[in-house]
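Secondary and tertiary structure notes
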Amino acid sequence: EGIAVGRTFAALKDYQVDGNKEMIAIGLMNVVGSSTSCYVTTGAFSRSAVNHNAGAKTAASNIVMSVTVMVTLLLLMPLFQYTPNVVLGAIIVSAVVGLIDIPAAYQIWKVDKYDFIVLLCAFLGVIFISVQDGLAFAVGLSIFKILLQITRPKIVMLGNIPGTQIYRNLHHYKEAVRVPGFLILSIEAPINFANITYLNERILRWIEEYEAEEDSKKQSSLQFVILEMSAVSAIDTSGVSLFKDLRKAMEKKGVELVLVNPLGEVMEKILKADEAQDFMRPDSLYLTVGEAVASLSSTMKDQSSTM
């Protein structure tokens, strides 16, 4: 709660908040305060909002507030004995209303609907339940989204933009076209134990759909599957086994697996796992998709002319 409140006011005042330093400060204050029966230290949302609207600029406002609270507790409590809770609530509400940013919420709705749902859950949870529960629920939804992205990584089919050596997502670039005999896929996430099953099934499904479409159109059969890996930032041992399994499955179909632009860490782990040197052959590894298609196309032509 304290970090969330701090970042809210940091955005309003255009300064940065270091979450680690904030947590260390809150922890130290609670350790020191525990020796004097101090109330638990936190960054309360309502008190921070009232402090902000009162025009506080520095931490000196806390000294003024503490002295005022002490004097009130010792001398002025009888004056506030019959103050309705509605009045106290109105003070907090008037301070917090100014923090609601409708244009920012609308912008989030336009950019990402899931993020807007998280925002809405946090907003409603804080209002109707509590600040802690509302933020906890929003954090839980955000973690669920991250897990979903990890276990269901994005993989897209690439096509060639005519007249160039550029290959882009077929769904984003309508002018991009498929290259006959090639299935070009781009993996846009790290490969690990959590997503290898999904990737394996998804790639094999791409191959089946591609072959079925080619059979219906009576085009040339699929010969190469190219995996563009420039967005794969990391891989584990389970991820390395994925390529071995794919290669075995594709050999049964008469299709060759080709890797394009694996990054340094990914390349090192694949090379270490390929002791027999039967996977990372020179003809199955290229720097760019254009280079791979050009080289493999010439190989296809040579084979067809020989036959």
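Residues numbered from 1 in each chain as written. Predicted model: local features only at pLDDT ≥ 70, side-chain atom pairs only at ≥ 80, totals over all residues. Heavy atoms only, no water.

A few points about the UniProt feature "transmembrane region" (unreviewed entry) in the protein
Per the UniProt entry, the sites bearing "transmembrane region" (unreviewed entry) are residues 23–46, 58–80, 86–109 and 116–144 in this numbering. Split by type, residues 58–80 is 74% helix and 0% strand. Its first and last C-alpha atoms lie 28 Å apart. Structurally, residues 116–144 is divided into 93% helix and 0% strand, and its ends, taken at the C-alpha atoms, are 15 Å apart. (UniProt positions renumbered as here; feature names shortened; annotations may be inferred. Helix = DSSP H or I, 4+ residues; strand = E, 2+ residues; numbered from the N terminus.)

Comments concerning unusual backbone geometry
At Ser37, a position not held by glycine, the phi torsion is positive, near 60 degrees. Here Ser37 shows up in the loop between α2 (19–34) and α3 (45–53). Unlike most non-glycine residues, Asn261 shows phi in positive territory, near 55 degrees. Note that Asn261 resides in the loop between β5 (256–260) and α11 (264–273).

Observations concerning the pairing of strand β4 (residues 224–228)
Of all the five residues making up β4, five are buried; the element is thus mostly covered by neighbouring parts of the structure. Of the two faces of β4, the one carrying Phe224, Ile226 and Glu228 and the one carrying Val225 and Leu227 are both buried. Where strand β3 (residues 182–187) meets β4, five bridges bridge the pair, whose relative direction is parallel. Of the residues in β4, the one forming a bridge with Leu183 is Val225. Two elements, β4 and β5, share five bridges in a ladder whose sense is parallel. Bridged to Leu227 within β5 is Leu259. With helix α10 (residues 237–253) bridging β4 and the parallel β5, this β-α-β connection has right-handed handedness. (Buried < 20%, exposed > 50% of the residue type's maximum accessible area, 1.4 Å probe, protein only. Pairing = 2+ DSSP bridges. Right-handed = clockwise from strand over helix to strand, strands pointing away.)

Concerning the nonpolar core
Most often, soluble globular proteins keep nonpolar side chains buried together rather than apart. Judged by nonpolar contacts, the single largest core of 31 residues is most densely connected at Leu183, Ile191, Ile203, Val225, Leu227 and Phe243. Secondary structure elements with two or more residues in this core: β1 (155–160), β3, α9 (196–217), β4, α10, β5 and α11. Ranked by residue count, the leading element in this core is α9, at six residues. Formed by 15 residues, the second largest nonpolar core is a distinct cluster that contains Phe224, Ile226, Val289 and Leu296. (Core = buried A, V, L, I, M, F, W, Y, C linked by side-chain atoms within 4.5 Å.)

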